[in-house]
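Structural features, examined
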Amino acid sequence: MKPAPFEWHAPDSVEAALALKAAHGDDARFLAGGQSLVPAMNFRIAQPAVLVDLNRAPGLGTIAQDAEGALRIGAMARNARIERDATARGSHPILAEALHEVAHPQIRNRGTLGGNLAHADPASEMPAVMLALGARFLLRSLRGAREVPAEEFFLGPLATALGPDEMLAEIRLPPLPPRTGTAFLEVARRRGDYAMMGVAAVVTLDADGRCTHARIACCSAGPTPMAAPLAAAALEGSRLEEADIAGAAALVRQEVDPMGSVHASPAYQRHLAGVVAARALRLAKARAA
Ligand SMILES: Cc1cc2nc3c(=O)[nH]c(=O)nc-3n(C[C@H](O)[C@H](O)[C@H](O)COP(=O)(O)OP(=O)(O)OC[C@H]3O[C@@H](n4cnc5c(N)ncnc54)[C@H](O)[C@@H]3O)c2cc1C
């Protein structure tokens, strides 16, 4: 298949890109790595009249820690670069662990974190990781900038809080407190496939080994990435013993709302949510300790 005709613009600044988006609104789409948008255009599932190519706009690919220890990742940072980046691996190792499960190396070489998140595929790994890490997204337009927490960004399958004139410019990840362990695990039929179920877990322990904070989020688990706040709350104050983890896993099974696919029924996905959550929590606990 070939895409429907479109106009292509490759602005050389973020401001020029925002001006084009403001002028064309929903008729225009940003082009990042093209790994989701171009196939969708070739199948004519997406038919944007205008493409605003971000690949020549400088300043969108930075990966750096700020003075408060938060990790700031520019939306155009390629997934493969984030996977290998020493700062990102040191501050938030779950990024590399989860990115390793995203598609294949060739796709990660080109695909960007911003494009992956803006695409908002509920089966995608990184939106769930963002919920588990308490990420905030910087959205920019000619009108100004605003920060949106990850839990308010994903509205439904392929739907986000981005306005027609807005760009996802930066992903901000708060620093992980001491004695925090993270883990991302998934079950897929083959490496590189979208997961039938994936779970991101973050746990913080006190000096005595008690859990002071936990976050759990799942992909392929509903119309958006699905947080499991009841399961996370149940773990707080516990020592993450096997019975605590089993209780949390049972709550995760209740909190997800899987839609099913050709590979897995909703009931099987729900079962997997409990199994994978328990494994991820055990791993996160071991890493925190
Ligand atoms: C064979 C195959 C297997 C895959 N498997 C997986 C997988 O297992 N897990 C997974 O998560 N993904 C998978 N993907 C998708 C892949 O991760 C894409 O790279 C990613 O979803 C989109 O990133 P991109 O940079 O290529 O964005 P693009 O394709 O360029 O854009 C995607 C969408 O986001 C919008 N957009 C892009 N950047 C911005 C921005 N800065 N601000 C606002 N809107 C923006 C675009 O307009 C478009 O609507 C797979 C893709 C392929 C082709």
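Thresholds applied
Residues numbered from 1 in each chain as written. Predicted model: local features only at pLDDT ≥ 70, side-chain atom pairs only at ≥ 80, totals over all residues. Axes fitted to C-alpha atoms, helices over the stretch in contact; angles between N-to-C directions. Helix = DSSP H or I, 4+ residues; strand = E, 2+ residues; numbered from the N terminus. Left-handed = near helix turned anticlockwise from the far one by under 90°. Contact = placed C-beta atoms within 7 Å. Nonpolar A, V, L, I, M, F, W, Y, C, P; charged D, E, K, R; others polar. Core = buried A, V, L, I, M, F, W, Y, C linked by C-beta atoms within 7 Å. Buried ≥ 20, exposed ≤ 12 C-beta atoms within 10 Å, placed from the backbone. Pairing = 2+ DSSP bridges. Arc of directions from axis to C-beta. Near = placed C-beta within 6 Å. Domains from an automatic or database assignment.

Comments concerning the packing of helix H11 (residues 242-255) against helix H12 (residues 266-288)
- For the pair H11 and H12, the least separation of the axes is 8 Å and the interaxial angle reads 145°. Read as a crossing pair, H11 and H12 show a hand that is right-handed. Within the contact between the two elements, H11 uses Ile245, Ala246, Ala248, Ala249, Ala250, Val252 and Arg253 and H12 uses Arg270, Ala273, Gly274, Ala277, Ala278, Leu281 and Arg282.
- When grouped by side-chain class, the residues that make up the contact of H11 with H12 number ten nonpolar, one polar and three charged.

Concerning the nonpolar core
- Membership of the largest hydrophobic core comes to 93 residues, with the highest contact counts inside it found for Val129, Val199, Ala201, Val203, Ile216, Cys218 and Ala277.
- The element best represented in this core is H12, accounting for nine residues.
- Contacts of valine 129, omitting those with residues within four sequence positions, involve Ile94, Leu95, Ala98, Phe184 and Ala200.

Re the pairing of strand S12 (residues 197-205)
- Counted residue by residue, S12 has nine buried out of nine residues, so it is predominantly covered.
- With burial as the criterion, each face of S12 is covered, one bearing Met197, Val199, Ala201, Val203 and Leu205 and the other bearing Gly198, Ala200, Val202 and Thr204.
- Looking at chain direction, strand S11 (residues 180-187) and S12 are connected through eight bridges and run antiparallel. Bridge pairing in S12 places phenylalanine 184 opposite alanine 200.
- With eight bridges connecting them, S12 and strand S13 (residues 211-219) associate as antiparallel partners. Opposite valine 202, over in S13, you have arginine 215 as the bridge partner.

A few points about helix H1 (residues 14-24)
- Buried within H1 we find Ala17, Leu18 and Lys21. The arc that holds every buried residue of H1, seen down its axis, measures 100°, which confines them to one face.
- Two residues or fewer after H1 comes glycine 25, characterised by a positive phi angle close to 55°.

Overview of the site of the ligand
- Near the ligand there are 28 residues, and of these Gly33, Gln35, Gly111, Gly115 and Ser124 occur at the shortest range.
- Secondary structure elements with two or more residues in the shell around the ligand: strand S2 (28-31), helix H2 (37-42), helix H7 (113-119), helix H8 (125-133) and strand S10 (167-173).
- With five residues, the top contributor of residues to the shell around the ligand is H7.
- Across the shell around the ligand, the residue classes break down as 15 nonpolar, eleven polar and two charged.
- Both of domain 1 (7-56) and domain 2 (63-173) provide at least three residues apiece to the shell around the ligand.

Notes on the pairing of S10
- In terms of residue burial, S10 counts as a mostly covered element, since six of its seven residues are buried.
- Judged from the four bridges that link them, strand S5 (residues 71-74) and S10 form a sheet pairing that is antiparallel. When the sheet's bridge partners are listed, arginine 72 is paired in S10 with arginine 172.
- The pairing of strand S6 (residues 136-141) with S10 spans five bridges and is classified as antiparallel. Paired with leucine 139 across the two strands is leucine 168, which belongs to S10.

Let's talk about the domain arrangement of the protein
- Here the protein is described as being made up of domain 1 (7-56), domain 2 (63-173) and domain 3 (180-288).
- The C-alpha-based centres of domain 1 and domain 2 are spaced at 18 Å.
- In this complex, domain 1 contributes 14 residues to the contact, which on the side of domain 2 involves 15 residues.
- With five residues, the single largest contributor to the side of domain 1 that touches domain 2 is H1.
- Among the residues making up the side of domain 1 that touches domain 2, the classes are represented as seven nonpolar, five polar and two charged.

Some points on the sheet that holds strand S1 (residues 7-9)
- Strands sit in the order S1-S3-S2 across an open sheet of three strands; the sheet is parallel. The sheet is open, and its two edges are formed by S1 and S2, each paired on a single side. The average undirected angle you get between the axes of adjacent strands in this sheet is 25°.

Regarding the environment of proline 3
- Note that proline 3 resides in the segment before S1.
- Between the C-alpha atom of proline 3 and that of asparagine 42, which follows or precedes it by 39 residues, the distance is 4.3 Å.
- Apart from the residues lying within four places of it in its own chain, the contact partners of proline 3 are Met41 and Asn42.

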